[in-house]
Structures are given as structure tokens and as C-alpha cells.
Amino acid sequence: MTAPPTLGAAGLSSTDAARLQQRYGPNELPAPRPPSITRRVLAQLRDPLIVVLLGAMVLTAVLRDFSDLAVILLVVVLNTTVGVVQEIRADRAVAALRRMAAPSARVRRDGVDVTIPAARLVPGDVVRIEAGDIVPADLAVLEAVRLSVDEAALTGESVPVARSAGDELFAGTVAAAGRAVGAVSRIGPASALGRIAALVAGQPRRPTPLQRRLAGLGRVLALAAVGLSGVVLAVGVARGQPVGEMLLAAVSLTVAAVPESLPAVVTLALALGAHRMARQAAIVRRLPAVETLGSVTVVATDKTGTLTEGVMAVERLLLPDGAAVALTGTGYEPAGRAEPAPGPAGRRLAEAMVLCNDAALAAPGPEQPTWRPVGDPMEAALLVAAARCGVSTDLRAAYPRVGEVPFDASLRRMTTVHRHPAGGHLVVCKGAADVLLGPAGPVRIDDAGRQRALDAAAALSRAGYRVLAVAAARPDEPPADPEQGLDLLGLAALADPVRTESADAVSAFHDAGIEVVLITGDHPATAAAVAERVGITTGPPATALGDDAASADPRTPVYARTGPEQKLTIIGRLQHEGEVVAMTGDGVNDAPALRRADIGVAMGRGGTEAARQAADLVLADDNLATVGRAVREGRRIYANIRRFLVYALSGGTAEVLIMLAGPWLGLAVPLLPAQILWINMTTHGLPGVALGGEPAEPGLMRRPPRRPGEAILGGLIGRIALTGALITAVALGAALWTRHTGGPWQAMLFTVLGLAQLGVALAVRSRGARTHNWGLDLAVALSLALQLGALWVPWLRDLLGTEPLNLWQLAAAAGFAAVPGLVMALIGPNGRTRPGRTSYTPAGAAASDGTGTTPEGGVR
């Protein structure tokens, strides 16, 4: 949508505005139609494990086995409900982008300034913008007075950008200083904010690694269950067994082969993990994201507000004699330190930074817990630096301003004239170092001194600083041209300070075999300097993409000058290379990439609502180190899910083998369907959930991430087969011995099978952890009581068809059942997802020689 070719200063008439509103529609982002509840439920029911359970439900319903039907139905309903609820929460991302638009706008209609809802803006409207306003639509600037715009939410630039007449302002950005009048050029979906909303809506949720692995496992188990059940049914009918009885046996075998508690256990493990993460300032919006963090191979991080504090700060002052003053502190809080303490020359520089300045600092209050800038953030940073040197804004009362040359984007400097309390006047000028110190600049200085100052400024710029020069003069009368004959007071080096914890966080990722990539909209030199400070890379500058991201090397560690579309391209190329990507960000410009990434991580305090709603994980403390803790939690949960699979599938394997081998050993019906379900409920229920709470093993974050394509049972098949065979052997052995002695062999088989699985639960727990999971001990104790209760409680015996065992038989059952757990404890748990390498080299990356560069000379 483009504005009409001619725009009157009086603005549109009400009639024209109504006509244009009808033509272009409201200035709102369109809300996509969400999937219906029915579609969401059907999507959840397509999970292979759920499909198998649905088939079992149909057969139990046909056989009128309502107790089994109720249990299976409960599992299906639980998992479907949780999945649907999480999807509905994730769909709030686009709605959050709509809320980013300004709710109202000052517009000129019929020659009069009025305030109207921003949704009623149309192309051609003349809008007034003042400091602090959110730009309500894309505008073509007609007039501008010292206008600077904070575009960080769209571009990632940490420094406000000066705009003048003829420039364009984008919807969703914020006027940091000055004022402007602009004509609406694009509204709604056609605006910059609208295009980003379209990108977010066009990024479907990718299945998480756990979802992909469980789907593969489910398909295998489904085929195995159906195949084995078919074999049992055919063999039984061929031997003359009743069809109804064999159908029930086939259903029992299906239930035994499928770990029906797996979806519930995984859901509860993820929910408990999400709760643990929330206590560590990581708020999970999608449960599968908890485990996805454990699969991450690449962390793609934003710069502003993630690696850095997201504020402007003066870190160094350089004086003409070469002396330097280092400044430290937090955000815009005036309190801080200056080392060494400034002398007279340093104090004169600080005083000049206060006087040639239009900003102010707002103290903390009920609605704002921290100090914040009022006006241009860069000027506010100069005030903070002066305060840390012992100079406050009270100085302005003693030096009243009597004249000024406002900042001009083309001249890149600002000059003010003040009445000096000792008589005469004081002229102060600040601006870009190359402008003030250039041959035609206002500073008078000898060639050697000029060159030293320019060299110092260039070195600071290469280090990622924004450098301002400050100069002053003491004329008796206000000069006709105040920007001449000034003396250099010094240089101020500004930067968005790196968070103190960022370097440690990056180091922790590297120790865990996770690559870190910086993607920012900022200047390449600034991006490279920040990357070097936090340890992402050293050496060559960042890659500036401009408009071309498609040809970018996916192994480049630092990308600069990126827009929302380019961030999407980079994330997509990394995923195409087989990486599992976590993307961190805080701005509107990050939202599409957050949605596209395998795991989107948004800043909770300093981030935009759009970023938070598009993300899977929100950091309440805006601390990258929290992502590392979340990765550790994800790895712990994945290890525990594998631990449960060893436990559950070992028991399931034993149950299947017993049902298949029992008849050939003279045990006609080894176990009744209700008995199998009871064993599964008591052994897989409470102990299975408790296994999800096992603590992390030592060294978990010094292992490489598992391969993205690695099967969830990778390296576990042999262990499952061995454990299942041991349980089968002791259970059948105990049953045959009991039958030989004239005892209740089926009750013995039932007891040994259940107790042996509980012993395995204790054997597969984590080793060497600093904490002990007492919950597993309690769960095993309760399950043991339930298993024994099935022998001694009359109504349970009637329900399950069991018989009581005497004390000698029970002691024998305990002896048989202890064997599998003791053997597995001696072998040791499978603590590693893959042995061997101690560092992770992503697909397509060259090996490092230990110096940080590849043999070809590129940066890792």
C-alpha cells in the first residue's frame, strides 16, 4: 500500500480518510485463523504409540473388557489434552505482534490535530511523532527536529538512528529524541511490522528431536506389537484355542509390547523439568522444548540485550595527554567507579559532557525499578559517565545555556554556548571524532596531536566502540561562529556493555560441545568486538550480509547487518546442515527466527512481547547462562527418558517372551490380561515417574551433544535384550520350580516378574550424583506394597485371579527376582549417549588445530 502522490500539510479530510479506510482497511495486523479443537486433537492422535493404544481400545471394547479400556482411555485423554493446551499457548505469537502497534496516534485531519485510534490511520494521513512515541505505521518524514529513532526491536541496532526529512520511519519503532511530522506510507500487513508478522505466521512448528525419536520408536513398537499379536492369535487358533480367548491374549500381548505409560511418563518428566527450570528463571512455554534443549548443537545468539546489557555506556575516557579513565557501573545508574580518579582535565571533560547534553536520568520508582534515560540514550550515557566522575546535572544551573547549534545528522556534531559563572562564556562541542578532529573541523591542534587523537579514535572504533570527541573554548562574548578555535578535552568511548556472565556462558557451551553463533543487526566491527570479548571467536571481522544471506557460509561464527528474513535464512541453513539450533533474541526482528529455530529463547525482562510469545523458552533474568542451565536440565531429562525406556522395554520384552515361551514349556496361559496390566501399572507408573526425577550424573555438561539423527534407543538395544532375557529366565524358572513343587506357579510368575522389574528400576538409577532421589525409593516401596497386595488382599485376588504365597515361597520369589537387578548393577548404567569424542564438530565444519582457526585460515 502506497501513499497518494500528493500530501497536503493540512492532512486529509474526514471524507477522504473514510474513503481510504474503506479501500485499505484498518491499520491492524491480520489475525490468522487458528486450527479448530478437532484438528488439534486429531493431530495429537496421529502419534504412533497413541494409534496402537487406540487399536487396543477397540479390541477391548469389542471383548467388553471395560477395566482395560478405561486405563488405556485415561492415558490417551491425558496426553491429548496436554498437547492441545500447549499448542494453543504457542499460537499467541502473532497476537502479541498486533499489540506492538501504537494504540493511538496524533493525526492532522481537516487541518486540526486530533488523537485517534491507530487502527483508523490510512495512507496519506499526516502524523505527529514526539520523543517516546511508538511509530503507529510506516511514515515518510516531512519535518524533523533532532529526531532519533530506536530501531532495536526491528533491526537489532543498539544505538538510536538519526532521521531527517525524506527518511522513512517504521511501524513498531520508538522515537528516542526530537520530534517529527510524517505522512503514512504503509499500514497494517504492508508495514514493516506487518511483514514480520507474516514471517512469524509462515513458520510452522518443527517437530522436536524427542518427538521425532519417539515417533520412530512408536512405529517400530507398533509394527512389533501387531506382528507378535498376529502370530499368537494364529498359533492359538491353529492349536484349537477359542477365538475369543486368543483375541484377549493378543490384546494382552499388544499391551505388554507397547509401553503405554511412556507418553504419560514423558509428559510428567517434561512438566517436572519445566517446573525445575522455572525455579532457575527459565519459563517453558512448550513442554517438548524442555528436552529439545538437551539436543542443541548450535546456539545462535542475538547481541543487543542478550550478550550485552542493551544499554549505552561510556566505558573509557581518553584525555589529550594520553591518560585514560576506565568507568564501571550498572546500566544507567549514576553510581559507579572511575579509575583512576579524574584530575582537573578529566573533570573538565565530564563537565562538558553534562553541559552539551539535552538528556536526563529518571530515578527508580514504583513503575520503573531501575534508572532509565530520558531523551537520547547516548546522551544519557554521557551523563552517567560524568556522574561516575563526580559531576552531576546540577552543574547546568551554574552554566545557563544561552545559545546552541543543534545536532545535525550531516554535520554529526552539536554545540552549546553557556554563561560562565566566573564571567565570559563557555562553548562546548561534541560529535564524531573524525569530524571534530578533521582538517576542516572546529578543533585547533597541532598535526602530531591531531594524528595521535585520530589514531586513538580509530583503535577504539576497531574495538567496537562508538567514539565521541568533546572540545571547548572560553570566549568573552558569544562568538558569531561558535564552532571554531576549540580545544580538545578528550574522547569518550561508548559501547553496549557486555554482560559479566556472557563469557562464562559461552565457555560453558563450548565445554558442552555446543557451537555459538552471533547473529545481529549491528555494525560488523561492533559484532566482531563483542564476539571476541565473550569468546565466540577471534580474528577476522564479522560477516556483513547486506541483502544476501542465501550464499552465507553456515559455519560463519558472526553475522552482522542482518534483518528478520536473513536471520531465517541462517537458521534454515544451519538446520539443513543437520544442526539442532537454539536461537536467542529479544526484539520484534527476532520473532520469525525464534519460531523457525528448534528451540526459541526470548528475554523476559528486556524483550518484546512478540519475541516472548514466539519463543519456546523465556528467560526471566535475561541471562544467557540460564540457557546453559536449561541445556543441562534438558540433557538430564533425556538421559532419564532413556533410563525409563531401558527399564520399561526390558519389562515389556520379558512379558512378551513369557507369553510366547510359556505355552511351549507347559504353562498354557502364563499370565492373564489383568495381571499384565497390573504389573505394568505398578512397575511403570510410580517408579517410571520417579525415574524422571533422577539427578544428573557428573560430567553431563562436558560431553558432546548427541547426534541430531541418533535413535532414542541408540546403544540401548543390547542392554534391553539382556535385561529382558534375565527377567524372563528367572520368572519362568521360578514358575516351573513352583509347578514342580505343587505350588501356585502363576502367582509365583506374577510375583517374580513384578519384583524383578522393581529391582531393575533401582539398578538403572544414576550413579555418582551429588543428590539422592528419595522419590524413587518411595515409589519402589509403594509399588512393592501394591504388588504384594495383589496376593493377599481378597478383592484384588478375585479381580486379578491370583493366589497367595506362603513366606517360604515369597522368600524364594524375592531371591529369584533379585538376580536381574544385581547383574545390571554390576554391569553399570548406560550413562553416555555416545562414547569417544570429547568435543563436537558440526557437520561441514573443519577441524581446529587448537588455535581457534581452521587449517584453511577461517574462524571457527
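Keep in mind it's a predicted model, so treat the numbers as computed, not measured. (Residues numbered from 1 in each chain as written. Predicted model: local features only at pLDDT ≥ 70, side-chain atom pairs only at ≥ 80, totals over all residues. Heavy atoms only, no water.)

Before going further, it helps to examine the overall build of the chain. Regarding its fold elements, the chain presents 30 helices and 25 strands. By the burial criterion, 54% of the 860 residues in the chain qualify as buried. For the chain, the proportion of contacts with a sequence separation of at least 24, taken over those separated by at least 6, is 71%. Just so you have it, the chain exposes about 35100 Å², and 60% of that area is on carbon and sulfur atoms. (Helix = DSSP H or I, 4+ residues; strand = E, 2+ residues; numbered from the N terminus. Buried < 20%, exposed > 50% of the residue type's maximum accessible area, 1.4 Å probe, protein only. Contact = heavy atoms within 4.5 Å. Areas by Shrake-Rupley, 256 points an atom, 1.4 Å probe, with all protein chains shown as cover.)

In this structure, Pro340 follows Glu339 across a cis peptide bond, with omega equal to -5 degrees. Tracing the chain through its elements places Pro340 in the loop between β12 (336-339) and α13 (344-355). Even without glycine at this site, Asp622 takes up a positive phi of about 55 degrees. Inspection of the secondary structure puts Asp622 in the loop between β25 (617-619) and α23 (624-661).

Here helix α26 (residues 717-740) crosses helix α27 (residues 745-763) at 150 degrees, and the two axes come no closer than 8 Å. On the basis of their axis angle, the class for α26 and α27 is roughly antiparallel. Note that α26 runs across α27; the crossing there is right-handed. On the side of α26, the interface is formed by Thr723, Ile727, Val730, Ala731, Leu732, Ala734, Ala735, Trp737, Thr738 and Arg739, while α27 contributes Trp745, Met748, Leu749, Val752, Leu753, Ala756, Gln757 and Val760. Here the residues of the contact of α26 with α27 are counted per class, giving 14 nonpolar, three polar and one charged. (Axes fitted to C-alpha atoms, helices over the stretch in contact; angles between N-to-C directions. Parallel < 35°, antiparallel > 145°, perpendicular 65-115°, else oblique. Left-handed = near helix turned anticlockwise from the far one by under 90°. Nonpolar A, V, L, I, M, F, W, Y, C, P; charged D, E, K, R; others polar.)

Attention now goes to a nonpolar patch on the surface. A cluster of nonpolar side chains, namely Leu686, Leu778, Leu782 and Leu786, defines an oily patch on the protein surface of about 350 Å² accessible area. Of the residues forming the nonpolar patch, the biggest block, three residues, is contributed by helix α28 (residues 774-792). (Patch = residues over 30% accessible without salt bridge, like charges linked within 9 Å, V, L, I, M, F, W, Y side chains within 5 Å. Salt bridge = Lys/Arg side-chain N within 4 Å of Asp/Glu carboxyl O.)

Moving on, we get to the nonpolar core. Generally speaking, soluble globular proteins have nonpolar side chains that are buried together. Counting 99 residues, the largest nonpolar core has Ile536 and Leu617 as the members making the most contacts within it. Of the residues forming this core, the biggest block, 18 residues, is contributed by α23. (Core = buried A, V, L, I, M, F, W, Y, C linked by side-chain atoms within 4.5 Å.)

Turning our eyes to something else, we now look at the environment of Leu700. Mapped onto the elements, Leu700 comes out in the loop between α25 (686-691) and α26. The exposure class of Leu700 is buried, given its relative accessible area of 10%. Residues Leu700 and Glu633 lie 67 residues apart in sequence; the distance between their C-alpha atoms is 9.8 Å. Aside from chain neighbours lying at most four places away, what touches Leu700 is Arg632, Arg635 and Arg636.

With five of its five residues buried, strand β23 (residues 581-585) lies for the most part within the structure. Burial along β23 is two-sided: Val581, Met583 and Gly585 facing one way and Ala582 and Thr584 facing the other are all buried. Where strand β9 (residues 298-301) and β23 come together, four bridges link them in parallel fashion. When the sheet's bridge partners are listed, Val298 is paired in β23 with Val581. Pairing geometry for β23 and strand β24 (residues 599-603), over four bridges, is parallel. Of the residues in β24, the one forming a bridge with Ala582 is Ile599. (Pairing = 2+ DSSP bridges.)

Now for the environment of Arg636. For Arg636, the position within the fold is in helix α23. Overall, Arg636 belongs to the buried group, its relative accessible area being 2%. In this structure, the C-alpha to C-alpha distance between Arg636 and Gly693, residues 57 residues apart in sequence, is 8.9 Å. The contact partners of Arg636, leaving out residues within four places of it in the chain, are Arg276, Gly692, Gly693, Glu694, Pro695, Ala696 and Leu700.

Following both chains from N to C, one finds helix α24 (residues 673-684) and α28 inclined at 160 degrees, their axes separated by 8 Å at the closest point. On the basis of their axis angle, the class for α24 and α28 is roughly antiparallel. For the pair α24 and α28, the sense of crossing is right-handed. Together, Trp678, Ile679 and Thr682 of α24 and Ser783, Leu786, Gln787 and Ala790 of α28 make up the contact between the two elements. The residue makeup of the contact of α24 with α28, split by class, is four nonpolar, three polar and no charged.

When a strand is regular, its side chains alternate between the sheet's two faces. Burial analysis of strand β10 (residues 313-318) places five of its six residues in the buried class, the great majority of the element. As defined by bridge partners, β10 adjoins strand β19 (residues 487-495) across five bridges and the pair is classed as antiparallel. Looking across to β19, one finds that Leu318 is bridged to Leu491. In the sheet, β10 pairs with strand β11 (residues 324-329) via three bridges, with the strands oriented antiparallel. For Leu317, the partnering residue across the bridge sits in β11 and is Val325. Here β10 folds back onto β11, and the loop between the two strands holds five residues, one of which, Gly322, carries a positive phi near 95 degrees.

Considering every residue of the chain, the mean pLDDT works out to 78; 80% of them sit at 70 or more. Averaged over each element, pLDDT in the chain is lowest for helix α5 (residues 93-99) (39) and highest for α13 (95). Per-residue pLDDT stays below 50 along residues 1-8; that stretch engages in 17 contacts with residues further than four places along the chain or on separate chains. Within the model, the stretch residues 830-860 combines pLDDT values under 50 with 60 contacts to residues more than four positions away or in other chains. (pLDDT = per-residue confidence, 0-100.)

It is possible for side chains bearing opposite charge to pair when their charged atoms get close. Counted according to the given criterion, the structure contains 21 salt bridges. Between Arg337 and Glu339 there is a salt bridge, and its shortest N-O distance comes to 2.2 Å. On the basis of relative accessibility, which here comes to 41%, the residue Glu339 falls in the partly exposed class. Residue Arg413 pairs with Glu483 through a salt bridge whose shortest N-O separation is 3.2 Å. A residue pair is termed long-range when its members are at least 10 positions apart, and Arg413 in strand β16 (residues 413-419) and Glu483 in the loop between β18 (466-473) and β19 qualify at 70 residues. Glu483 shares its class with Arg413; the two are buried. Residues joined by salt bridges that share partners form a network here, namely Asp138, Glu168 and Arg186.

Its 21 residues give helix α30 (residues 807-827) an end-to-end C-alpha distance of 31 Å, which sits within 8% of 30 Å, the value for a rise of 1.5 Å per residue. Along α30, the sharpest change in direction is near 30 degrees and occurs at Val819; proline Pro820 comes one to four residues later. Within the sequence span of α30, burial applies to Gln809, Leu810, Ala812, Ala813, Ala817, Pro820, Gly821 and Met824. As for α30, its buried residues are in contact with α26, α27 and α28. The opening residue of α30, the one whose side-chain oxygen lies 3.1 Å from the backbone nitrogen of Trp808, is Asn806. (Expected span 1.5 Å × (residues − 1). Bend = angle between axes of the 7 residues up to and from the residue. Polar contact = N/O pair within 3.5 Å; in protein donor to acceptor, adjacent residues only side chain to side chain.)

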